[in-house]
Amino acid sequence: TDIPEWTVVEGTGSLPDWKTQLTAEQREQMYAASPIAHVDKVTAPYLLLIGGKDLRVVPHYRAFIRNLLARGVEAKILYYPESAHPLEEVDVEADFAINLLRWFQKSLS
């Protein structure tokens, strides 16, 4: 991410001390806060929209998606190579709006 302390704050609730390593407890807290720790609970179809230049959402989502697909959970990624965070270009918004509607139509039928 482009905000190094963000993941530690979100995972542990406290600012990191860059002079020391994370403790075992902090690493466990961060894992418990991670989506991959809960991927086995996901049963609903999963759609992810991601920009190729997004520095906030790191590419760890790939393991999450692979796990869903391996377990037969429908999953799809809409990838926009030139977009960052947020996805706000007009053509990208139009594309994902259309694809979101199609996703919901398919998933709810």
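From a predicted model like this one, the values you see are computed outputs, not experimental measurements.

S.K.: In this structure, what is going on with the pairing of strand β2 (residues 75–80)? I would like to understand it.
M.R.: Here is the key point about a regular strand: its side chains alternate between the two faces of the sheet. Across six bridges, strand β1 (residues 46–51) lies against β2 in parallel orientation. Paired with Leu47 across the bridge in β2 is Lys76. In this fold, the crossover linking β1 to β2 by way of helix α3 (residues 61–70) has right-handed handedness.

S.K.: Could you clarify how one ought to interpret the packing of aromatic side chains in this entry?
M.R.: The geometry of two aromatic rings is summed up by the distance between their centres and the angle between their planes. In the structure shown here, the tally under the stated rule is one aromatic pair. Seen from their ring centres, Tyr46 and Phe64 are 5.1 Å apart, and the 50° between their planes marks the pair as tilted. Of this pair, Tyr46 sits in strand β1 while Phe64 sits in helix α3, and the two are 18 residues apart along the sequence.

S.K.: Help me understand the side chain of Gln26 in this model?
M.R.: Inspection of the secondary structure puts Gln26 in helix α2 (residues 24–32). Of the polar contacts made by the side chain of Gln26, one reaches the backbone nitrogen of Thr23; its length is 2.8 Å. Aside from chain neighbours lying at most four places away, what touches Gln26 is Thr12, Ser14 and Gln21.

S.K.: Explanation requested: the layout of surface pockets in the structure shown.
M.R.: Roughly 650 Å³ of volume is contained in the largest pocket. Lining the largest pocket are 18 residues, and of these Thr7, Ser34, Pro35, Val58 and His60 sit closest to its centre. If you list the elements that add at least two residues to the lining of the largest pocket, you get α1 (4–12), β1 and α3. For the lining of the largest pocket, the element with the most residues is α1, which contributes four residues. Its residues assigned to classes, the lining of the largest pocket shows eleven nonpolar, five polar and two charged.

S.K.: Looking at this structure, how should I read α1?
M.R.: The periodicity of an α-helix, 3.6 residues per turn, causes residues three or four positions apart to be oriented the same way. Within α1, the full set of buried residues consists of Val8, Gly11 and Thr12. End-on, the buried residues of α1 take up no more than an arc of 80°, which puts them together on one face. In this structure, the buried side of α1 is in contact with α2. Positive phi appears at Gly13, one or two residues downstream of α1, with a value of about 85°.

Calculation notes
- Residues numbered from 1 in each chain as written.
- Predicted model: local features only at pLDDT ≥ 70, side-chain atom pairs only at ≥ 80, totals over all residues.
- Heavy atoms only, no water.
- Pairing = 2+ DSSP bridges.
- Helix = DSSP H or I, 4+ residues; strand = E, 2+ residues; numbered from the N terminus.
- Right-handed = clockwise from strand over helix to strand, strands pointing away.
- Phe/Tyr/Trp six-rings, centres within 6.5 Å; stacked < 30°, edge-to-face > 60°.
- Polar contact = N/O pair within 3.5 Å; in protein donor to acceptor, adjacent residues only side chain to side chain.
- Contact = heavy atoms within 4.5 Å.
- 1 Å grid on protein atoms, 1.4 Å probe; cavity = no way out; pocket = protein on both sides within 12 Å on 5 of 7 lines; lining within 4 Å.
- Points joined across faces, edges and corners; volume = space filled by probe spheres on them.
- Nonpolar A, V, L, I, M, F, W, Y, C, P; charged D, E, K, R; others polar.
- Buried < 20%, exposed > 50% of the residue type's maximum accessible area, 1.4 Å probe, protein only.
- Arc of directions from axis to C-beta.

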